[in-house]
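# Summary of the model geometry
Read off the chains here:
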Amino acid sequence: MNDKGSTRFLDFYKKSLEENKQLSDKQKRVLQASLELFSEKGFERTSTSDLAERAGVAQGTIFKRFQNKHELLMAVLAPLFGSALPAAVQEFITDTFSHPYDTLDEFVHNIVSNRLHFIEDNQRELRIILGEALYDPVMLAEVKTIFGKALRAQMQPSVAHLQATGEIADWPYDYIAEYLLMPILGYFGKILIGLESLNINEEIRYCTSFIIKGLRPDS
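Here the structure is a predicted model, which means the values were calculated and not measured. (Residues numbered from 1 in each chain as written. Predicted model: local features only at pLDDT ≥ 70, side-chain atom pairs only at ≥ 80, totals over all residues. Heavy atoms only, no water.)

### Points about the packing of helix α1 (residues 9-18) against helix α2 (residues 25-41)
The condition is simple: Inter-axis angles, ranging from 0 to 180 degrees, are taken between N-to-C directions of lines fitted to C-alpha atoms, where helices are fitted over the stretch in contact. Under the scheme used here, helices are H or I runs from DSSP no shorter than 4 residues and strands are E runs no shorter than 2 residues, and both carry numbers assigned from the N terminus. For this classification, under 35 degrees means roughly parallel, over 145 means roughly antiparallel, 65 to 115 means roughly perpendicular, and everything else is oblique. By definition, turning the near helix anticlockwise from the far helix through less than a right angle yields a left-handed crossing, and turning it clockwise yields a right-handed one. In what follows, a contact means two residues having at least one pair of non-hydrogen atoms within 4.5 Å. Residues are grouped as follows: Ala, Val, Leu, Ile, Met, Phe, Trp, Tyr, Cys and Pro are nonpolar; Asp, Glu, Lys and Arg are charged; every other residue, Gly included, is polar.
Direction vectors running N to C along α1 and α2 enclose 165°, while the axes themselves pass 10 Å from each other. Taken together, the axis directions place α1 and α2 in an arrangement best described as roughly antiparallel. Along this stretch, α1 crosses α2, giving a crossing that reads as right-handed. Mapping the contact onto sequence places Leu10, Tyr13, Lys14, Leu17 and Glu18 in α1 and Lys28, Leu31, Gln32, Leu35 and Glu36 in α2. The class makeup of the residues in the contact of α1 with α2 is five nonpolar, one polar and four charged.

### Quick word on the nonpolar core
Applicable threshold: Definition of nonpolar core: a set of buried residues of the types Ala, Val, Leu, Ile, Met, Phe, Trp, Tyr and Cys, connected through side-chain atoms within 4.5 Å. Summary of the burial criterion: residues with accessible area below 20% of their type's maximum are buried, those above 50% are exposed, and those between are partly exposed, where the area comes from a 1.4 Å probe applied to protein chains only.
Counting 64 residues, the largest nonpolar core has Phe9, Leu31, Leu72 and Phe107 as its most contacted members. A per-element tally of this core places helix α5 (residues 69-97) first, with 14 residues.

### What to know about the packing of aromatic side chains
Stated precisely, the cut-off is as follows: Working definition: rings of Phe, Tyr and Trp (its six-membered ring) pair if their centres are within 6.5 Å, and the pair is stacked with planes under 30 degrees apart, edge-to-face with planes over 60 apart, and tilted otherwise.
In total, this model carries eight aromatic pairs according to the counting rule given. Relative to phenylalanine 97, the ring of phenylalanine 92 lies with its centre 5.6 Å away and its plane at 75°, an arrangement referred to as edge-to-face. Centroid distance tryptophan 171 to tyrosine 179: 6.3 Å. Interplanar angle 70°. Geometry classified as edge-to-face. Residue tryptophan 171 is classed as partly exposed on the basis of its relative accessible area, which comes to 29%.

### Observations regarding the confidence of the model for the protein
We apply this condition: Confidence scores here are pLDDT values: one per residue, from the predictor, ranging 0 to 100.
On average, the protein scores 84 in pLDDT, and the residues at 70 or more come to 92%. Mean pLDDT in the protein bottoms out at helix α7 (residues 123-133), which sits at 76, and peaks at helix α10 (residues 200-215), which reaches 95.

### Overview of helix α3 (residues 48-55)
Convention followed: As used here, the arc is the angular range of directions from the helix axis to the C-beta atoms.
The complete set of buried residues in α3 reads Thr48, Leu51, Ala52 and Ala55. Projection of α3 onto a plane perpendicular to its axis shows the buried side chains occupying an angular sector of 95°, all on one side. Glycine 56 sits one or two residues past α3 and shows a positive phi near 75°.

### Focus on the pattern of salt bridges
Put simply, the rule reads: Salt bridge, as used here: a side-chain nitrogen of Lys or Arg that lies within 4 Å of a carboxyl oxygen of Asp or Glu.
Summed over the entire model, instances satisfying the criterion amount to six salt bridges. With a closest N to O distance of 3.0 Å, glutamate 40 and arginine 54 form a salt bridge. Of this pair, glutamate 40 sits in helix α2 while arginine 54 is found in helix α3, placing the two residues 14 residues apart along the sequence. Residue classification places glutamate 40 among the partly exposed positions, given a relative accessible area of 39%. Connected via shared salt-bridge partners are Glu36, Glu40 and Arg54.

### Some remarks on the environment of leucine 140
For leucine 140, the position within the fold is in helix α8 (residues 137-164). Overall, the relative accessible area of 29% leaves leucine 140 in the partly exposed class. Measuring from C-alpha to C-alpha, the distance between leucine 140 and alanine 164 comes to 35 Å, with 24 residues separating the pair along the chain.

### Section: the environment of arginine 152
Inspection of the secondary structure assignment puts arginine 152 in helix α8. On the accessibility criterion, arginine 152 (23% relative accessible area) is partly exposed. The sequence separation of arginine 152 and glutamate 178 amounts to 26 residues, and the corresponding C-alpha distance is 8.9 Å. If we ignore the near neighbours within four places in the chain, the residues touching arginine 152 are Tyr173, Asp174, Ala177, Glu178 and Leu181.

### What about α10?
Formally: The span expected for a helix works out to 1.5 Å for each residue beyond the first. N or O atoms within 3.5 Å of each other form a polar contact, as long as, within protein, one can give a hydrogen and the other can take it, and as long as residues adjacent in sequence are counted only when both atoms are side-chain atoms.
Taking 1.5 Å of rise per residue, 16 residues should cover 22 Å, and α10 covers 22 Å from first to last C-alpha, within 8% of that figure. Burial in α10 covers these residues: Ile200, Glu203, Ile204, Cys207, Thr208, Ile211, Ile212, Gly214 and Leu215. Viewed along the axis of α10, the buried residues span an arc of 165°, placing them on a single side of the element. In α10, the exposed positions that point more than 90 degrees away from the buried face belong to Asn201 and Lys213. Contacts made by the buried residues of α10 are with α6 (104-121) and α9 (173-193). Near the N-terminus of α10, the side chain that reaches the backbone nitrogen of asparagine 201, with its oxygen 3.0 Å away, is that of asparagine 199.

Given below as structure tokens:
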């Protein structure tokens, strides 16, 4: 099991483009270059010439398929939501919930370590996803489904087992899931708005300790 981190979004994205038979090689290069540059420089600061140079195509080639930059952004996001994001969540589920846990400490540490490393490694791509999801109800619903419902469903057997063995307080599952996930989202919030944070190992240690102390039956 890999509790340290996970594959970068760009790797999932590249794989999803390679498997898409409806796109030409040039279109795939444009989308790959767009995600990289939108992540590195921001959507507004990325020019058409930047995109063309990174993709190795003429500027006119970009807008033969995409009428403007916003349409290009929507095309970039489609594989993210359709393939890359679900693949990233599935990797997390496989890495983290493929075996039973005997202790609350191990359970919480593996979740926190995996997700904080994932956020740190993919923060630029996550900014793009969140930035669009906040203004698009359909995308926001997809994010909630992928990150919320899927993860909560996968965690439930582990939580039930640890409750049965006296490791976790006998609280309603929905409250436990929120208590587990909110500090992780808090770390993402700090990254998103540029607040100073500790080094990743210290963040994992404090976040893990906070959750464990709250979920123990004698807390």
